[in-house]
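# Results of the structural survey
Read off the chains here:
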Amino acid sequence: MATLSLPGILRRSLIHRRARSLSALIALTVSAGIATALLTLYTDLDQKLHKEFRSFGANIVITASANVPLPTDALTRVQQVAGNDAIAAEFAYAVATTDTGTSVVVTGTDFAQVRRLDSWWQLDAWPDPNQTDAALLGQRAANFVGNEHSVTLTYAGKPITLKGAGRLRTGGDEDSRIYMPLPTFTAWIGIAPSVIELQVPGGAKRVETTIAQLKSALPEVQVQPVRQLVEGESRIVDRTHALMYGAVLLIALTVAVSVLATLSASVLERRRDFALMKALGGSQMLLMGMFLLEALVLAIAGVAAGFVVGSAAAFAISQLNFHTATLPHLSVLPLVLLVNLAIATLAALLPLRVLRTLQPAALLKGE
Amino acid sequence: MFFRLLMESFRRQRRRKLLAGIAILLGTTAVTAMLALATTIGDRIHKELAVYGANIIVYPKSDQLEVKVGGVDIKPASTGSYLKESDLEKLKGIFWANNITGVSPELRVSDQARQINTDSPSFTVSVIGLWFDHDFGSLRTGVAQIHPWWKLNGKWPPLVADADSWQVAVGSSLAKKLDLKIGDKFLLRRGANLEGGGFTAAYVTGIVSTGDQTDTDVLVPLPVAQAIANTPDAVSRVEISARTKPEDAFARQDPDKMSPAKHDIWYCSPYANSIAYQICEAIPGAQAEQVRRVEQSEGNVLKRISGLMWLISAAALLAAAFAVSAAMATAILERRGEIGLMRSLGASKGSIALLFYSETGILAIFAGTLGYLAGSGLAAWLGARIFRGDGGAPESILIPVLLPVVVALALAVAIGGSTQSISAALRMNPSTILREDA
């Protein structure tokens, strides 16, 4: 006769009642999967939302003090302070005259940087970055230009002819300006950039630290936050964060209760096994221990499967919604494991009161 | 007999019914709350995004080109063209008038100011005439509402047409420069464009910090600026905040090149472009533009957040469906003995199935309705907690459309979840079930 060892009983119990073990495993896998997916999304949420807010453009403006131009290496220094993930663009302004004799603000800048910074600019096509005589005409400014394809501007008696690359529509001040590449601007007018627009990723805290650092690195210039952007961003991120938190708790609770119900029902159903083992001399503790062990083995298996499924779900959701991937976070694993183990333990121990009062003989007789 | 069975089943098996009922209740609560939040999140986030200011800007069509760098007019227009303040009433008549949540007209005037009791010469300041808390139909609106990030110390100047003195608000940098506190006065020239216009006392009712160029300006009620410039009824620019639908490819098309049917659809969609188009039609000589920095980016953020909420709602739905069907399956599994007994007493498979489905149905409808109420309450509570401080009482989210949807879902999931167990129990030989259970 084969000796009955604990692993043996466990193995047989899991294999013999395959359907029931499977349904318990599925329940625990679903709970682990949903917990993993939500927690993974939740971990990445702030970063993802802050990224969406990048489309609002610059959140810090660095302006030269009156009559003192920005130092020539200002852009490099700003970029150094703000970090490589920040986007900075410099602007130089002057007032020139168009071929129809109207005064117009002409701005020299780096089109490649502006394109990354101000993604809301609507234009037919961005000029070729290598083309030195390209000009973007604001839609209102364009009405005061005689020939939009060959734009002639005059500054202090010095004329220049630029190739119009198209109209620019923003609904802001940009509409009444003409933009051109900075080197061409400087060669023509000789005015250095006076404004650097900087976009720092991250929330209000990062913006504040960057401003403080910029102020100490460049004491001679004014550094100001774009207040409405910085304030609005943190408010909305905080609120979405709280909303997500509520949703995660709500869903987790629903799943936990249902898994608990399913599992404890399946333990209750095994009263007869329980009675038989008790009749054969198993102690209350030993039997409860066995039920518990079985539930825990299922819970761990559920976490393993659920983590994979949940990470895949989080990946899919974030691809679908944010168009960026969310990679699996191992850091959520302990919490998921803890939740699942707690559910399994509760599910095994809840029916304890019912089982303890059972008289094996009565149950086996079928009363 | 059928009804007695049904009733007795509910009376006698309270624990089992309670378990299944709780599962359905929790599931529908979660789904209702998530769906209610997801459907209202658009409006809520839009309100939050209002912090970015106006999304439509209106200016006179024949205006001269602004020569402005960093908010400073380098060459102020000497004789500009203006919009009429009285024409703004026409905004209430456009198709999407109800979507307009804020209107703020302004008139910029360059004026002379002088400190009182000193011999220092007068200097040029920029005076902006504004609405502060203006009654505009059903709306109280003005510059403070469009620029929620402005910080005001004191009060906005009240609208009094007092001929002898003016009440004004000053920007924080100007207040510092002139050493002005609330209640102090300084002198502003009346009739800047008129020769020999005298100075008038201006009392400071508030000091405003804006974080931009307006910090150096004097903010006055619109009629005061009109009096200074001697241009009654004139407005140089209007900022409008409107609830819009994020722009898509259709919204970007040129309305004048559309077919009439398409034009109607475009016209009747709350795109920023179509609202701007309607404003141009309503106000003579006006040019309206969407502020792309605000409009495009808001659309982006709004789309992402509501998309996230819908996906989470889908997750809630999945979780709830799983919870309910698992609970139902367990409930049936536990009652196989009953099924065996009924079969052996001669009940047909059909009538047994009907009995069980009816029980499930009653449970689903009852618990589903309760769950709908609980979920609506939860959504209102969550919404009020998270979005508190928006002003206004926490709005109750009782969306009637959700009731049939949620109950139907509960019904479908409960019946779907129990079908497999019922048919499995019915397939089994009654004697096997009875013996196994004995």
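Shown above is the structure to which this text applies.
Along its length, chain B carries 12 helices and 16 strands. For a compact globule of 438 residues, the expected C-alpha radius of gyration is about 22 Å, and chain B comes in at 33 Å, more than 25% above that figure. For chain B, the spread of C-alpha atoms along the principal axes amounts to about 115 × 55 × 30 Å. When the 438 residues of chain B are sorted by exposure, 50% land in the buried category. Considering only contacts in chain B between residues 6 or more positions apart, those separated by 24 or more positions represent 76%. Accessible surface computed for chain B: about 19800 Å², of which carbon and sulfur atoms make up 58%. For chain B, the distance from the average site of its 44 positive side-chain charges to the average site of its 40 negative ones is 13 Å.

In this structure the tally under the stated criterion is 18 salt bridges over all chains. Through salt bridges with shared partners, one network takes in Glu106(B), Arg108(B), Asp217(B), Arg237(B) and Glu239(B).

Another point: the nonpolar core. Formed by 68 residues in total, the largest nonpolar core has its most connected members in Met244(A), Ile251(A), Val259(A), Ile45(B), Leu49(B), Tyr52(B) and Ile312(B). Counting only elements with at least two residues in this core, the list comes to helix H2 (18–53), helix H8 (227–268), helix H10 (284–322) and helix H11 (333–349) of chain A together with helix H2 (14–49), helix H8 (292–334) and helix H10 (349–386) of chain B. When residues in this core are grouped by element, the largest group, 13 residues, is from H8(A). The residues contacting Ile312(B), other than those within four sequence positions of it, are Leu38(A), Leu41(A), Met244(A), Ala247(A), Ile251(A) and Met34(B). One finds Val103(B), Val127(B), Leu180(B) and Ile240(B) within the second-largest nonpolar core, a separate group that totals 48 residues.

Aromatic ring pairs are reported here in terms of the distance separating the ring centres and the angle at which the planes meet. By the definition in use, this model includes 14 aromatic pairs over all chains. Ring geometry for Tyr42(A) against Tyr245(A): centres 5.9 Å apart, planes inclined by 35 degrees, an arrangement best described as tilted. With Tyr42(A) in helix H2 and Tyr245(A) in helix H8, this residue pair connects regions lying 203 residues apart in the sequence. A residue is classified by how much of its surface remains accessible, and Tyr245(A), at 47% relative accessible area, is partly exposed. Arranged with centres 5.3 Å apart and planes meeting at 80 degrees, the rings of Phe95(B) and Trp96(B) form a pair that is edge-to-face.

Turning our eyes to something else, we now look at the interface of chain B and chain A. Contacts between the two partners involve 71 residues from chain B and, on the opposite side, 68 residues from chain A. Interface of chain B and chain A: buried area, both sides summed, is about 6100 Å²; carbon and sulfur atoms make up 67% of it. On the chain B side of the contact with chain A, Tyr52(B), Leu65(B) and Arg293(B) bury the most area, a combined 13% of that side's loss. Connecting chain B to chain A are 1 salt bridge. A salt bridge links Glu52(A) to Arg304(B), with the shortest nitrogen-to-oxygen separation between them at 3.1 Å. At the junction of chain B with chain A, the criterion picks out 12 residue pairs in polar contact (both at pLDDT 80 or more). Sorting elements by how many residues they give to the side of chain B that touches chain A places H8(B) first, with 26 residues.

Residue and element names in this part refer to chain A. The topology assignment puts Arg54 in the loop between H2 and strand E1 (60–64). By relative accessible area, which is 14% here, Arg54 ends up buried. When the C-alpha atoms of Arg54 and Gly8 are compared, they prove to be 59 Å apart, with 46 residues separating the residues in sequence. Residue contacts for Arg54: discarding those within four places in its chain leaves Asn59, Leu117, Gln199, Val200, Pro201, Gly202 and Glu233.

With that settled, the discussion passes to unusual backbone geometry. Peptide bonds are, in most cases, trans, and in most cases residues other than glycine have a negative phi. In the Ramachandran plot, His323(A) falls in the positive-phi region, its phi being about 60 degrees despite a non-glycine side chain. Position of His323(A) among the secondary structure elements: in the loop between H10 and H11. Despite not being glycine, Asp179(B) has its phi angle at roughly 55 degrees, a positive value. On the secondary structure map, Asp179(B) appears in the loop between helix H4 (172–178) and strand E11 (185–189). By relative accessible area, Asp179(B) is classed as exposed at 54%.

So, on to the packing of H8(B) against helix H11 (residues 402–427) of chain B. Residues and elements named next belong to chain B. Close contact between H8 and H11 brings their axes to 8 Å; oriented N to C, the two are set at 40 degrees. Accordingly, the angle class assigned to the pair H8 and H11 is oblique. Of the two elements, H8 crosses H11, and the hand of that crossing is right-handed. Each of Leu317, Ala321, Val324, Ser325, Met328, Ala329 and Ile332 in H8 lies in contact with H11, whose residues at this interface are Leu409, Val413, Ala414, Gly417, Ser418, Ser421 and Ile422. Classifying every residue of the contact of H8 with H11 gives 10 nonpolar, 4 polar and no charged.

What follows is about the packing of helix H1 (residues 6–16) of chain A against H10(A). Residues and elements named next belong to chain A. Between H1 and H10, the least distance of the axes is 11 Å, while the angle of their chain directions is 60 degrees. The angle between H1 and H10 falls in the class oblique. Pair H1 / H10 crosses with right-handed handedness. Along its contact with H1, which presents Leu6, Ile9, Leu10, Ser13 and Leu14, the element H10 presents Met290, Leu293, Glu294, Val297 and Leu298.

Residues and elements named next belong to chain B. The buried fraction of strand E16 (residues 286–290) is high, at 4 of 5 residues. Note: strand E1 (residues 56–60) against E16, 5 bridges, orientation antiparallel. For Ile56, the partnering residue across the bridge sits in E16 and is Gln290.

Analysis parameters
Residues numbered from 1 in each chain as written. Chains lettered and ligands numbered in written order. Predicted model: local features only at pLDDT ≥ 70, side-chain atom pairs only at ≥ 80, totals over all residues. Heavy atoms only, no water. Helix = DSSP H or I, 4+ residues; strand = E, 2+ residues; numbered from the N terminus. Rg over C-alpha atoms; globule rule 2.2 N^0.38 Å. Buried < 20%, exposed > 50% of the residue type's maximum accessible area, 1.4 Å probe, protein only. Contact = heavy atoms within 4.5 Å. Areas by Shrake-Rupley, 256 points an atom, 1.4 Å probe, with all protein chains shown as cover. Lys, Arg positive; Asp, Glu negative; His and termini not counted. Charge placed at Lys NZ, Arg CZ, Asp CG, Glu CD. Salt bridge = Lys/Arg side-chain N within 4 Å of Asp/Glu carboxyl O. Core = buried A, V, L, I, M, F, W, Y, C linked by side-chain atoms within 4.5 Å. Phe/Tyr/Trp six-rings, centres within 6.5 Å; stacked < 30°, edge-to-face > 60°. Buried area = accessible area lost by both parts, 1.4 Å probe. Polar contact = N/O pair within 3.5 Å; in protein donor to acceptor, adjacent residues only side chain to side chain. Axes fitted to C-alpha atoms, helices over the stretch in contact; angles between N-to-C directions. Parallel < 35°, antiparallel > 145°, perpendicular 65-115°, else oblique. Left-handed = near helix turned anticlockwise from the far one by under 90°. Nonpolar A, V, L, I, M, F, W, Y, C, P; charged D, E, K, R; others polar. Pairing = 2+ DSSP bridges.

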